[in-house]
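Per-entry structural report
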Amino acid sequence: MDPDPGGRPSVLRTALAAWSAIEEDATHHLVVQDDMLLSETFFERARAAVREMPDAALALFALWDARNGAAVRLGAMTGARWVGSVNEYFPCVAIVLPREVATGFVEYGRRRLDAWPDDILMYRYLRDRGIPSYVSVPSLAEHDDRGSISGNAFRGPRRSVCFLPDDRPGNEGARLEGLRVVPFFKHGVAQCAVRQDGPGPERWLHLECESYLEGSGIRMQRLDSAMLGLTEVQDREAVRGTWLTSFALGLVHRREGRGGALDPDADPVLAEALATIGPGGISHRRGEEQITEVRDALARVARAGLEAGLAAGERRTPTGHGSRAARVPAPAVGLVGGASPLGEHLARGLTDRGCRVTALGTEGGHPAAGRPTPGLDAVVDLGPLHHHGERTPASVVVRLLDRADGTVRSTHTLYAGDLYGPGCSRDSAIGRMVWDAVRYQPVVVTEPPGPDLRPLHTADLVDAVAHAVTAPVKERAVLLPVGEPLAVRHVADAVRESVRPVPLEAVAPGDRPGRRARLEGLGLPGLPPLEGWKPVRELHHGLHTFAQWLAYEGIRHAPD
């Protein structure tokens, strides 16, 4: 029971009470939330898994639109019974922990009662302590989906990625681990979590599935043609997202060498896991009845996409990641200031869009330091993104070079406005609002409000830089956000709609830290747009992706 029923609703407060109630002679502790339906073999499979993996944290449920849910689908494609968890909250609605891990989490959580939801804290706790963590294939529990004291009801139906009530126990040692690419359909957009190569702690990039596929040598025009006529479902966003996600699942499965042909008709776990791709991706805006109406049709789309992805995976491209360069000459781009989360997203995005990217240092050996750089077509300098302030607005400097001798032919400054999205700081005007909402805190705005905002998403910045590198640019300075600026209150309301419906709190300007460049005072709104390009990311979805990145990756850069 909630130890403080009169307080603000808190899953963590109640969860810590449950985790504290460990029997004296217990080696493991099971916690199940009261809105879960259990499979017929729930306890048999849970006991067998504990015997097989006594030192691991075991999640017995994953959502249909989650990254861990997508990991379950990849596990189902290999016949695995458990799959290693990925960069996301660790599902806590039905979970088993070893005794020492459970007692450690109680102490960990008590020091952070007002910091994060229990599932994100669990993810952080397990990751920081190197505790192995797995998710069951299929799920052993299902949401009864009534209310939500954690404030998640606004997200729509919250169903399992794959729940089979009569799934039989056995072969619990069959595990899939080391996932590097996880395609998932969430919030109406096909997306990919991609593990970043290189030294240092494990970290993941948050990409759009379409960008990942382009970088893998897949021509999107051909996929669009293949989708035509697949179904009579009128919701083209649902059809496209389902198709792209299942196609990417098949492509990754085959290229990672995990097996050959798959037959959902002979495998009820795989069949159900595929059938929830579409419903999960549209659950944020569709009710149960509306989802039921299109479920079977979207399941057929998922099967067709999977089959096409498996076939594409057999047609190896010359270089894999970034292989689009094999079809057209690849612009050689030097990237300055790329050693940051934002820089890593820019580097990967440019590569996926056909550029050959070379990391350059922050000083010397590139035109920013006054030295020629032969062999490159352009140098992209991210320094002004990292060091902007009240009088220096965020921008990217693109220097187009003569490849033969490395001399600078022209220099172009791309002003980014109010940049937000994966890789961006939580300390910006938009970042602070999203950071508040994702932690269940009120979104704070000043009264009177500050200057209007000109939001630009990370993915749009990548597109703009790629365009500036590959297409003729006439203007020496351009402003990337187009259209009228947005009032701070408008963006705050969008954050509350797309991230979490927390209260809005107005404070005096001096009570809110941080300052940003006022573009109007610097004359930047009069700058022309980037010719032949415009941003396309919708604000609400962009804010959602920013919140996800801050919660799963940006949290690494926050004080503990």
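Summarised in this report is the structure supplied together with it. (Residues numbered from 1 in each chain as written. Predicted model: local features only at pLDDT ≥ 70, side-chain atom pairs only at ≥ 80, totals over all residues. Heavy atoms only, no water.)

**With respect to the overall build of the protein chain**
Convention followed: The way it works is that DSSP assigns letters per residue, a run of H or I at least four long becomes a helix, a run of E at least two long becomes a strand, and they are numbered from the N terminus. Only protein chains enter the accessibility calculation, which uses a 1.4 Å probe; a residue whose area is less than 20% of its type maximum is buried, one above 50% is exposed, and one in between is partly exposed. Using a 1.4 Å probe, the Shrake-Rupley method yields the accessible areas, and only the shown protein chains count as cover for residues.
Within the protein chain one finds 17 helices and 21 strands. Within the span of the protein chain, comprising 560 residues, buried residues form 58% of the whole. Working note: accessible area of the protein chain is about 23200 Å², and carbon and sulfur atoms make up 50% of it.

**Details of empty space enclosed by the protein**
The cut-off we apply is this: Cavities and pockets were defined on a 1 Å grid built over protein atoms only: a cavity is a set of grid points that admits a 1.4 Å probe from which the probe cannot escape, a pocket is an open set flanked by protein on both sides within 12 Å along at least five of seven lines, and lining residues are those with an atom within 4 Å of any such point. Grid points are joined across faces, edges and corners, and a volume is the space filled by probe spheres set on the points. Following the grouping adopted for this structure description, the nonpolar residues are Ala, Val, Leu, Ile, Met, Phe, Trp, Tyr, Cys and Pro, the charged ones are Asp, Glu, Lys and Arg, and the polar ones are all others, Gly among them.
In the structure shown here, the tally under the stated rule is 3 cavities of 30 Å³ or more. In this model, the largest cavity occupies a volume close to 210 Å³. As for the largest cavity, its lining consists of 15 residues, and the residues nearest its centre are His206, Leu207, Glu208, His457 and Ala459. Of all the secondary-structure elements, those providing two or more residues to the lining of the largest cavity are β11 (204-208), α12 (341-352), α15 (458-470) and α17 (539-552). Here the lining of the largest cavity is composed, by residue class, of 4 nonpolar, 9 polar and 2 charged.

**Let's talk about the sheet that holds strand β9 (residues 181-186)**
Going by this rule: When DSSP locates at least two bridges between a pair of strands, those strands are taken to pair. Only the contacting stretch of a helix is used when fitting its axis, a line to C-alpha atoms as for every element, and angles between N-to-C directions run 0 to 180 degrees.
The strand order across the open sheet built from 3 strands is β9-β10-β11, with neighbouring strands paired in antiparallel fashion. The sheet terminates laterally at β9 and β11, the two strands that pair on one side only. Averaged over all pairs of adjacent strands, the angle between strand axes in this sheet comes to 25 degrees, irrespective of strand direction.

**Brief notes about unusual backbone geometry**
The omega angle of the peptide bond from Val137 to Pro138 is -5 degrees, so this bond is cis rather than trans. Tracing the chain through its elements places Pro138 in the loop between β6 (133-136) and β7 (141-143). Residue Pro448 is reached from Glu447 by a cis peptide bond, and omega for that bond is 5 degrees. Its place among the elements puts Pro448 in the loop between β18 (443-446) and β19 (455-457). In the Ramachandran plot, His187 falls in the positive-phi region, its phi being about 60 degrees despite a non-glycine side chain. Note on placement: His187 falls in the loop between β9 and β10 (189-195). Residue His187 is classed as buried on the basis of its relative accessible area of 18%.

**Brief notes about the packing of α12 against α15**
For the record, the criterion: Throughout this description, any angle smaller than 35 degrees is read as roughly parallel, any larger than 145 degrees as roughly antiparallel, any in the 65 to 115 degree range as roughly perpendicular, and the remainder as oblique. A crossing counts as left-handed when the near helix is turned anticlockwise from the far one by less than a right angle, and as right-handed when that turn is clockwise. Any two residues whose heavy atoms approach within 4.5 Å at even a single point are treated as in contact.
For the pair α12 and α15, interaxial distance at closest approach is 9 Å and the crossing angle is 50 degrees. In terms of their interaxial angle, α12 and α15 are classed as oblique. Like other packed secondary-structure pairs, α12 and α15 cross with a definite hand, here right-handed. Between α12 and α15, the residues in contact are Leu342, His345, Leu346, Gly349 and Leu350 and Thr458, Leu461, Val462, Val465 and Ala466, respectively. Of the residues that constitute the contact of α12 with α15, the class distribution is 7 nonpolar, 3 polar and no charged.

**Structural notes on the environment of Ala26**
In this fold, Ala26 is placed in the loop between α1 (11-20) and β1 (28-32). Relative accessible area serves as the criterion here: at 19%, Ala26 is assigned to the buried category. For Ala26 and Arg99, which are 73 residues apart along the polypeptide, the C-alpha to C-alpha distance reads 7.0 Å.

**Some remarks on the packing of helix α3 (residues 67-78) against helix α9 (residues 268-275)**
For the pair α3 and α9, interaxial distance at closest approach is 9 Å and the crossing angle is 150 degrees. In terms of orientation, α3 lies roughly antiparallel with respect to α9. Our pair here, α3 against α9, has a crossing hand that is left-handed. Touching Arg73, Ala76 and Met77 of α3 are Val269, Leu270 and Ala273, all from α9. Across the contact of α3 with α9, the residue classes break down as 5 nonpolar, no polar and 1 charged.

**Brief notes about the sheet that holds strand β12 (residues 332-336)**
If you trace the 6 strands from one edge of the open sheet to the other, you get β13-β12-β14-β15-β16-β20, paired in mixed fashion. The open sheet is flanked by β13 (356-360) and β20 (477-479), the only strands paired with a single partner. Direction aside, neighbouring strands of the sheet carry axes that sit 20 degrees apart on average. Summarising the sheet, β12 and β13 pair through 5 bridges and their orientation is parallel. Counterpart to Leu335 in the pairing with β13 is Ala359. Across the sheet, α15 touches β12, β14 (378-381), β15 (395-401) and β16 (408-415), and the angle it forms with β15 is around 20 degrees.

**Focus on the pattern of salt bridges**
For clarity, the cut-off: We count a salt bridge whenever a side-chain nitrogen from Lys or Arg sits within 4 Å of a carboxyl oxygen from Asp or Glu.
Under the counting rule described, the total for this entry stands at 30 salt bridges. The partner of Arg295 in a salt bridge is Glu272, with the nearest N and O atoms 2.7 Å apart. Of this pair, Arg295 sits in helix α11 (residues 288-314) while Glu272 sits in helix α9; the two residues are 23 residues apart in sequence, bridging distant segments of the chain. On the accessibility criterion, Arg295 (24% relative accessible area) is partly exposed. Asp436 serves as the salt-bridge partner of Arg439, at 3.5 Å between the closest nitrogen and oxygen. Through salt bridges that share partners, Glu208, Arg353, Asp460, Asp463 and Arg537 make up one connected network.

By themselves, these are just geometric observations and shouldn't be taken as functional.
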